[in-house]
Amino acid sequence: MNQISIQKEIDAENRRQSRIDEQLAVTLPHQMKRYEAIQQKTENALYRVHGNRLSPQVIDRMVAGLILEPSVLCSIGSSEINEMPSDNMGWDRMARDLVEREPLAQLSIQHSDAELKEKLRQEITAAINPSQRLAMARSGELDNYVDQRVTAKLDERAGF
Amino acid sequence: MTFSLTRDDISRCTNSGRTRVRSMINTPFKLPFQSDMPGPSGGASRERFRLSDILARIKTKAWFRPEMEAMLAATDAAYRQEQLA
């Protein structure tokens, strides 16, 4: 990433923030109430679907950017159109869509997954008897064994 | 899919003439837009604007009415449904 692309990213972020500010400035009080309810439900869904895999800063950013979503604008701006989900499953689906569209959220999830994998690797490696560990490392089996155990532990955590 | 409203849509929903729509879009700076793909026989490309940008512009005007917002929202929702189908 060179300096020009960094500057472009910064400009895009500034433009996004200006659009959010502009939109909030013209949102009427009764619309603000509807918007806050939507924000609250989306935040709950994000925590429900992704738990602590998403960093709170990323969740805040996504929730703040909701005002730019056309479906949210339609739902708060017009009493006849309500494109917001009516049940928890719908909100969860919306949360997943939001995460798919947000590169920072993807990075946050990948980072927490990598962090968890590394922690599990360390735990599993430490649990092996040192002489056995040395023997496995010499025969080249250690990495495969640890990888298999990490995958099994991750599946166990996911409930498979 | 975010860029949905054409100049005609804005004109119809806000009950404004072409000149008013043009100045609303261009002042103080031109709003970002996306052009429709031209058809096989060519033709002028239609510019589509984002609902959020248009609302931010028109809601500050003295002539703004809540019905205009509702109509713009309905037009945007219809366009998105059409794209999904």
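Placed above this text is the structure.
What counts and how
Residues numbered from 1 in each chain as written. Chains lettered and ligands numbered in written order. Predicted model: local features only at pLDDT ≥ 70, side-chain atom pairs only at ≥ 80, totals over all residues. Heavy atoms only, no water. Phe/Tyr/Trp six-rings, centres within 6.5 Å; stacked < 30°, edge-to-face > 60°. Helix = DSSP H or I, 4+ residues; strand = E, 2+ residues; numbered from the N terminus. Buried < 20%, exposed > 50% of the residue type's maximum accessible area, 1.4 Å probe, protein only. Lys NZ or Arg CZ within 6 Å of the ring centre and 35° of its normal. Salt bridge = Lys/Arg side-chain N within 4 Å of Asp/Glu carboxyl O.

## As for the packing of aromatic side chains
The geometry of an aromatic ring pair comes down to the distance between the two centres and the angle between the two planes.
Residues and elements named next belong to chain B.
So, point 1. All chains considered together, the criterion is met by 1 aromatic pair over all chains.
So, point 2. Centroid distance F33 to F49: 6.0 Å. Interplanar angle 55 degrees. Geometry classified as tilted. In this pair, F33 sits in strand β2 (residues 33-35) while F49 sits in strand β3 (residues 47-50), placing the two residues 16 residues apart along the sequence.
So, point 3. Given the relative accessible area of 34%, F33 is considered partly exposed.
So, point 4. The ring of W63 has R20 sitting right over it, with the charged end atom 4.2 Å from the ring centre.
So, point 5. Seen from the ring of F29, R57 lies directly overhead, with NZ or CZ sitting 4.8 Å from the centre.

## Regarding the pattern of salt bridges
So, point 1. Tallied over the entire structure, the rule returns 18 salt bridges over all chains.
So, point 2. A salt bridge links R121(A) to D143(A); its shortest N-O distance comes to 3.7 Å. With R121(A) in helix α6 (residues 103-127) and D143(A) in helix α8 (residues 142-158), this residue pair connects regions lying 22 residues apart in the sequence.
So, point 3. We classify R121(A) as partly exposed; its relative accessible area is 25%.
So, point 4. By relative accessible area, which is 48% here, D143(A) ends up partly exposed.
So, point 5. Across the pair R46(B) and D36(B) runs a salt bridge, and its minimum N-O distance is 3.5 Å. Taken together, the residues R46(B) in the loop between β2 and β3 and D36(B) in the loop between β2 and β3 connect sequence positions 10 residues apart.
So, point 6. Residue classification places R46(B) among the partly exposed positions, given a relative accessible area of 47%.
So, point 7. In the salt-bridge network here, residues are joined through shared partners; they are E13(A), R16(A), R61(A) and E102(A).

These figures capture arrangement, not role.
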